[in-house]
Amino acid sequence: MRIDILTLFPEVFGPFFSTSIVGRAVAAGLLLPRMVDFREFTRDRHRKVDDRPFGGGPGMVIQCEPVFGAVEAVERSAAGNPMRILLTPQGEPLTQQVVEELAWWDWLILLCGHYEGFDERVRTGLNPREISIGDYVLSGGEPAAMVLIDAVVRLLPGSLGDQMSAVDETFSSGLLEYPQYTRPREYRGMHAPEILLSGDHQRIAAWRRQQAMERTRQRRPDLLNPQDAGREDTDAS
Ligand code: ADE
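Residues numbered from 1 in each chain as written. Predicted model: local features only at pLDDT ≥ 70, side-chain atom pairs only at ≥ 80, totals over all residues. Heavy atoms only, no water.

S.K.: Now, about helix α5 (residues 142-153): what can you tell me, with residues and values included?
M.R.: Helix length check: α5 (twelve residues) gives 16 Å between terminal C-alpha atoms against 16 Å at 1.5 Å per residue, within 8%. Here α5 lies mainly inside the structure; nine of its twelve residues are buried. Those residues of α5 not exposed but buried are Glu142, Ala144, Ala145, Met146, Leu148, Ile149, Ala151, Val152 and Val153. Packed against the buried residues of α5 are β1 (2-7), α1 (20-27), β5 (83-93), α3 (96-102), β6 (107-112) and β7 (129-132). (Helix = DSSP H or I, 4+ residues; strand = E, 2+ residues; numbered from the N terminus. Expected span 1.5 Å × (residues − 1). Buried < 20%, exposed > 50% of the residue type's maximum accessible area, 1.4 Å probe, protein only. Contact = heavy atoms within 4.5 Å.)

Here it is, written out as structure tokens:
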């Protein structure tokens, strides 16, 4: 998968692309990341990419020219059909279902904003898919891009040593994960459940299913009854 990240701060991605699962995917050639600096696409002598908002107000707005210029240059550089994504708290929530959809694409272009955001014509003119990683405001789209990339990379065939671990875990199954234990059997008076040491794989699987269900019921009942999720916000009764 090719990923172009359009940003004002390309340097923050260095360790991200060379560490852990993401680093391995890059080293194996499964992931081809490229950072593109908006400042390379401004005609301003001082490489300025933002300006004050029309109508007044606080903050600065990223101008159209460097953004359109960067997207068009990236898309001209290769044949293909990339998905354009703009990271913004105004976007659709990033869920495992969205992540699974993105993992099918072979080319993503991620637009990371800063300041008070992009000139609205970036949205109307480039028509990116807008994605939010949660209901809070970051100072820039870069950490959101890393979250999205990390979640997508784990689904690329060959990126995890053990392919089962992507299938069994929280959210792919619709349930939270069951508790895990490793050696020693006892630590500070706390014991690993006997059943996990029993060698009876059928009973272990049943125990794990039951634990996952119980944990989900207690912590995230909305995952078991998606039709009820958010009802307290909309239902006045
Ligand atoms: N940029 C700033 N805040 C964000 C968020 N919550 N999700 C995605 N991009 C963002």
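S.K.: Could you give me a rundown of the site of the ligand, with the residues and numbers involved?
M.R.: Around the ligand, the neighbouring residues are Leu87, Thr88, Pro89, Ile131, Ser132, Ile133, Gly134, Tyr136, Val137, Leu138, Gly140 and Ala144. Here Ile133 contributes a backbone N or O atom positioned 3.0 Å from a nitrogen atom of the ligand. Expressed as a share of its isolated accessible area of 260 Å², the protein-covered part of the ligand is 95%. Residue contributions to the shell around the ligand peak at three residues, all from β5. Within the shell around the ligand, the residues separate by chemical class into eight nonpolar, four polar and no charged. (Near = heavy atom within 4 Å. Polar contact = N/O pair within 3.5 Å; in protein donor to acceptor, adjacent residues only side chain to side chain. Areas by Shrake-Rupley, 256 points an atom, 1.4 Å probe, with all protein chains shown as cover. Nonpolar A, V, L, I, M, F, W, Y, C, P; charged D, E, K, R; others polar.)

S.K.: With reference to specific residues and values, describe the nonpolar core.
M.R.: With 30 residues, the main nonpolar core has Leu31, Ile85, Leu110, Leu148 and Ile149 as its most contacted residues. Looking at this core, the element that brings in the most residues is α5, giving eight residues. Setting aside anything within four residues of it in sequence, one finds Leu31 in contact with Met1, Ile3, Phe17, Val22, Ala25, Val26, Ile149 and Val153. Residues Leu6, Ile62, Trp107 and Leu126 belong to the second largest nonpolar core, which totals 17 residues. (Core = buried A, V, L, I, M, F, W, Y, C linked by side-chain atoms within 4.5 Å.)

S.K.: I'd like to hear about the packing of aromatic side chains, residue by residue, with values.
M.R.: In total, this model carries three aromatic pairs according to the counting rule given. When the centroid spacing of 6.1 Å and the interplanar angle of 25° are considered together, the rings of Phe13 and Phe17 count as stacked. Each member of the pair Phe13 and Phe17 is classed as buried. When the centroid spacing of 6.1 Å and the interplanar angle of 80° are considered together, the rings of Phe38 and Phe118 count as edge-to-face. With Phe38 in the loop between β2 (32-37) and β3 (50-51) and Phe118 in the loop between β6 and α4 (121-126), the pair connects residues that are 80 residues apart, well separated along the chain. Residue Phe38 shares its accessibility class with Phe118, and that shared class is buried. Among the aromatic side chains, those forming a connected cluster through ring pairs are Phe13, Phe16 and Phe17. (Phe/Tyr/Trp six-rings, centres within 6.5 Å; stacked < 30°, edge-to-face > 60°.)

S.K.: Got a sec to walk through the state of the cysteines? Specific residues and values, please.
M.R.: Any covalent bond linking the sulfur atoms of two cysteines counts as a disulfide. Enumeration according to the criterion identifies zero disulfides in this entry. The thiol of Cys64 is unpaired, and the distance to the nearest cysteine sulfur, on Cys112, comes to 17 Å. (Disulfide = S-S within 2.5 Å.)

S.K.: Describe the side chain of Ser132, naming the residues involved and giving the relevant values.
M.R.: Among the secondary structure elements, Ser132 is positioned in strand β7. If sequence neighbours within four positions are ignored, Ser132 has contacts with Thr88, Pro89, Gly91, Glu92, Pro93 and Leu94.

S.K.: Which residues make up the domain arrangement of the protein, and what are the values?
M.R.: By the assigned domains, the protein splits into domain 1 (2-153) and domain 2 (173-229). Relative to domain 2, the C-alpha centre of domain 1 lies at a distance of 37 Å. (Domains from an automatic or database assignment.)

S.K.: Any chance you could break down the environment of Met83 for me, citing the residues and the numbers?
M.R.: On the secondary structure map, Met83 appears in strand β5. What makes Met83 buried here is its relative accessible area of 8%. In this structure, the C-alpha to C-alpha distance between Met83 and Leu102, residues 19 residues apart in sequence, is 8.4 Å. Residues in contact with Met83, not counting those within four places in the same chain, are Leu102, Trp105, Trp107, Leu108, Ile109 and Arg129.

S.K.: So what about the pattern of salt bridges? Which residues, and what values?
M.R.: Counted under the stated rule, the structure contains twelve salt bridges. Arg121 serves as the salt-bridge partner of Asp119, at 2.6 Å between the closest nitrogen and oxygen. The partner of Arg123 in a salt bridge is Glu120, and the shortest N-O contact between them spans 3.3 Å. A cluster of three or more residues bridged by salt bridges with shared partners is formed by Arg2, Asp4 and Arg34. (Salt bridge = Lys/Arg side-chain N within 4 Å of Asp/Glu carboxyl O.)

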